[in-house]
Amino acid sequence: MTLVTYLADHRLWLLRTPATSYALGLDPDDRPRHVHWGAPLTAEQVIDVPALPHHENSSFQVRGYGELEGPGFGAPSLRPRYADGGAGVEWRYLDHEIEGGHLAVRLADRHHPLEITLHYRVRDDTDVIERWTVLRHTGESGPIELERCDSAAWTLPPLPDVRISHVVGGWSSETQLKREGLPYGETVLTSRRGTTSHQANPWIMLDDGTAAEERGEVWSAALAWSGSWRIAVQRPPFDAVGFTGGAGHDGLRVRLAPGETWRTPVFAGVYGTDGFGGISRAWHAYTLRHVLPHPQELRPVLYNSWEATGFDVDLDGQLRLAEKAAALGAELFVLDDGWFGRRDSDRAGLGDWQVNLDRFPSGLDKLIEAVHGHGMRFGLWVEPEMVNPDSDLYRENPDWVLHMPHRRRTTLRNQLVLNFARPDVAAWAHAWLDRLVAEHEIDFLKWDFNRAFTEAGWPGHDEPDRLWFDHVHNLYALIDRLRADHPHLRVESCAGGGGRADLGILARADEVWPSDNTDAVDRLAIQHGYGQVYPARTMAAWVTDSPNPLTGRSVPLRFRFHVAMAGVLGLGGDLPAWPAAELAEAAGLVALYKEVRPVVQHGGLFRLGAPDDPVSAVQYVLGDHVVVLAYRVRTRFGHPAGRLRLAGLEAAARYRDEGTGQVHHGAVLLAHGLHLDLPAGDYASTLIRLTRLA
Ligand code: GLA
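Just so it is clear, the model here is predicted, and its values are computed rather than measured.

Student: Would you mind going over the site of the ligand with me for this structure?
Tutor: Residues in contact with the ligand amount to 13 residues; listed here are only the nearest, Asp336, Asp337, Lys446, Asp448 and Asp516. Here an oxygen atom of the ligand and a side-chain polar atom of Asp448 are 2.9 Å apart. Between Asn450 and the ligand, the recorded distance is 3.3 Å, taken from a side-chain N or O atom to an oxygen atom. Notes on the ligand: free accessible area 310 Å², of which the protein chains cover 97%. According to the grid-proximity analysis, the pocket containing the ligand is the largest pocket. Here the residues of the shell around the ligand sort into 4 nonpolar, 3 polar and 6 charged.

Student: Help me understand helix H4 (residues 315-328) in this model?
Tutor: An α-helix turns once per 3.6 residues; consequently, residues spaced three or four apart project the same way. Here H4 contains 14 residues, and its C-alpha end-to-end distance of 20 Å stays within 8% of the 20 Å for a straight helix at 1.5 Å per residue. Here H4 has its buried residues at Leu315, Gly317, Gln318, Leu321, Ala322, Ala325 and Leu328. The buried side chains of H4 occupy one side of the element, clustering within an arc of 155° when seen end-on. Relative to its buried face, H4 has exposed residues pointing more than 90 degrees away, namely Asp316, Arg320, Glu323 and Ala327. In this structure, the buried residues of H4 make contact with strand S22 (302-304), helix H3 (306-309), strand S23 (332-335), helix H5 (365-373), strand S31 (568-571) and helix H11 (580-602). Gly329 lies just past H4 and shows a positive phi near 110°.

Student: Honestly, the pairing of strand S1 (residues 4-7) in this entry has me stumped. Any pointers?
Tutor: Consecutive residues of a regular strand have side chains that alternate between opposite faces of the sheet. Looking at chain direction, S1 and strand S2 (residues 12-16) are connected through 4 bridges and run antiparallel. Bridging across to S2, Tyr6 finds its partner in Trp13. Between the antiparallel neighbours S1 and S2 lie 4 residues, among them Arg11 with a positive phi of about 50°.

Student: Any chance you could explain the pattern of salt bridges here in plain terms?
Tutor: Oppositely charged side chains are able to pair whenever their charged atoms sit close together. Here the structure, examined in full by the defined rule, presents 44 salt bridges. Here Arg31 and Asp27 are joined by a salt bridge, their closest N and O atoms 2.8 Å apart. For the pair Arg31 and Asp27, one class covers both residues: buried. One salt bridge in this structure joins Arg121 and Glu130, with 3.0 Å as the shortest N-O distance. Its relative accessible area of 6% is what places Glu130 among the buried residues. Residues joined in a network through salt bridges with shared partners are Arg79, Arg81, Glu145, Glu147 and Arg253.

Student: Teacher, can you tell me more about the packing of aromatic side chains here?
Tutor: By convention here, two paired aromatic rings are described through the distance between centres and the angle between planes. Within the structure shown, the criterion is met by 28 aromatic pairs. Ring plane angle 40° and centroid distance 6.4 Å describe the contact between Trp225 and Phe469, whose orientation is recorded as tilted. Of the two residues, Trp225 is situated in the loop between strand S16 (218-223) and strand S17 (229-235) and Phe469 in helix H8 (residues 466-485); the sequence distance between them amounts to 244 residues. On the basis of relative accessible area, Trp225 is assigned to the buried category, the value being 2%. Overall, the relative accessible area of 8% leaves Phe469 in the buried class. A centroid spacing of 6.2 Å and a plane angle of 45° characterise the contact between Trp353 and Trp381, whose relative ring orientation is tilted. Taken as a pair, Trp353 in the loop between S23 and H5 and Trp381 in strand S24 (residues 377-382) lie far apart in primary sequence, 28 residues in all. The ring of Tyr184 is capped by Arg235, whose NZ or CZ atom sits 4.1 Å from the centre of that ring. Positioned above the aromatic ring of Tyr476 is the side chain of Arg508, whose terminal nitrogen or guanidinium carbon lies 3.9 Å from the ring centre.

Student: Help me understand the nonpolar core, please; the structure alone is not making it clear to me.
Tutor: Within soluble globular proteins, side chains that are nonpolar generally end up buried alongside one another. Leu206, Phe243, Phe333, Trp339, Trp447 and Phe561 are the most contacted members of the largest nonpolar core, which totals 151 residues. Broken down by element, the residue count for this core peaks at 9 residues, all from H8. Residue contacts for Leu206: discarding those within four places in its chain leaves Leu156, Val162, Arg163, Ile164, Leu182, Glu217, Val218, Trp219, Val233, Val241 and Phe243. Val134, Ala268, Tyr286 and Leu292 belong to the second largest nonpolar core, which has 29 residues in total.

Cut-offs used in this document
Residues numbered from 1 in each chain as written. Predicted model: local features only at pLDDT ≥ 70, side-chain atom pairs only at ≥ 80, totals over all residues. Heavy atoms only, no water. Near = heavy atom within 4 Å. Polar contact = N/O pair within 3.5 Å; in protein donor to acceptor, adjacent residues only side chain to side chain. Areas by Shrake-Rupley, 256 points an atom, 1.4 Å probe, with all protein chains shown as cover. 1 Å grid on protein atoms, 1.4 Å probe; cavity = no way out; pocket = protein on both sides within 12 Å on 5 of 7 lines; lining within 4 Å. Sits in = over half its atoms within 2 Å of the grid points. Nonpolar A, V, L, I, M, F, W, Y, C, P; charged D, E, K, R; others polar. Helix = DSSP H or I, 4+ residues; strand = E, 2+ residues; numbered from the N terminus. Expected span 1.5 Å × (residues − 1). Buried < 20%, exposed > 50% of the residue type's maximum accessible area, 1.4 Å probe, protein only. Arc of directions from axis to C-beta. Contact = heavy atoms within 4.5 Å. Pairing = 2+ DSSP bridges. Salt bridge = Lys/Arg side-chain N within 4 Å of Asp/Glu carboxyl O. Phe/Tyr/Trp six-rings, centres within 6.5 Å; stacked < 30°, edge-to-face > 60°. Lys NZ or Arg CZ within 6 Å of the ring centre and 35° of its normal. Core = buried A, V, L, I, M, F, W, Y, C linked by side-chain atoms within 4.5 Å.

Next up, the structure:
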């Protein structure tokens, strides 16, 4: 399959993925214009696509014209400002390069020394199209100010109606899926917090209001960036809907110096006709193949001590937990917060990354040896980008934090943000982390980030807004370097729960902690939203104590396990306090998870209902193997659970239910479903395994 074709006579580029096409062109004035994003088109067909309407009162109809516009009347994707007071771009085409699935179209401003290269990458194993933009100041004097530089703008074909899907939330309530009519005008999804955020996540899905879970056209995009971001969606009354997205929130400015290059993160897009489920599976497969550092791996079952011990950690307590965790089948033991400095609570010690010898008198190695002795890997919590004012680090380097002259330094969770954009701060962090990992046998870091930026200044620096970008670049470089130097190291991305989950961090994290909320019922909704774009293979999920320490809700062990088994199963409770019968049941469920884990972590996900439905389920399919996890939170009117229609099966094949031994026709499972045998009462759940017969 030819991935990229240039149709010289028409000044069009046609990009192909296995099931979709994308096309862009140049208008007579060299302005890049959107042509097509959707169903597969041949070269002959794409030439026929009618030009988008062009209104006289708008020289740049935002996103109707242009892959990345200059100043127009909508949210601009690109807004350079020049020393002479001018702004925007008058495009001039220079040349293009095609290398396999990578297309780079090089353009420049007609007058100012600004070169703009639009990048596209398509592959033959995914419908996801990666896009990013590179700017270069080609002059010799005077900076060019960038008031906005998005990665890409995407345009949809005309639709009778438009609906947007996205996630919203907060601490302990991340990734709540919203699906609602898109208002006319502009809708802005954004984070101004310096990180991806709990409140919004940088992806969207758009459809015409009729798409369903497994059918209908959906257009989606996701930004690979872990700092502040903005996606601006525009719905004009008469023209096509489009959106533009990139790093940084509105109002940030960056000055491009002569000779300097500015590269945006990837803003990837995918179109599909198999509904929201199809789009989710496309994102999952893309993440598993092209984003994650070790996609082929199975994530281990971890035990984390946080909910059991809080800050009250010491050698004996952790040894006890490690023994219990190993007995249950845990494969990775993670010592959370409290092991360093004077970290008796969240009020002190952050930044002082020396082992607390009162708690671990001979250092960490005794614990690490014991953990390894139990056959588990060892992981450790760190929060490198933060500092407590009550720490030696802060007392010695009060300038290392984000701050502004004459402004108070607002603490959140009693901590301040280190200015990771500063090369000396980034070097300090690399030095201690590298030493920590080199000197101890640490297999895994839980990398936390517990507060947003405030007073985000950089006194003495002539371009303080750079910190919003360079913080993330330096964070990425640091993790990349640690991973390169310590190839066995695995990383979990955590930010007070799910505040840093995105395709950017997933290129250097093996999994994400989606929420500090471990209540199984709340998790169903959090996981439903998380999984819209990010795969189960990255979704850490612990079984913790009942009643849940956050919500006070009591939920049976089996239901808690079945919810956590839909992702990367972990354990997080006070195991020594669990009754023997529950420990035995838990060990059985951990063992069962290990059997189904390849299917859950690497299979295709089919969502059979939503968490609020009377019965909901998730189904994973990998090769001949099918795993279904079904949940009924609340029993109603004494009605039986009924039948659950499965998805994604081969109609002509037969499937054996490994629980009952019964053999079912795929066609019947698809059309009529499977009788769900749920226990009576609330919080009823079950796990079903099916095998396709030869
Ligand atoms: C954050 C994390 C928790 C835990 C604490 C430790 O809140 O999300 O899982 O690690 O920090 O302080």
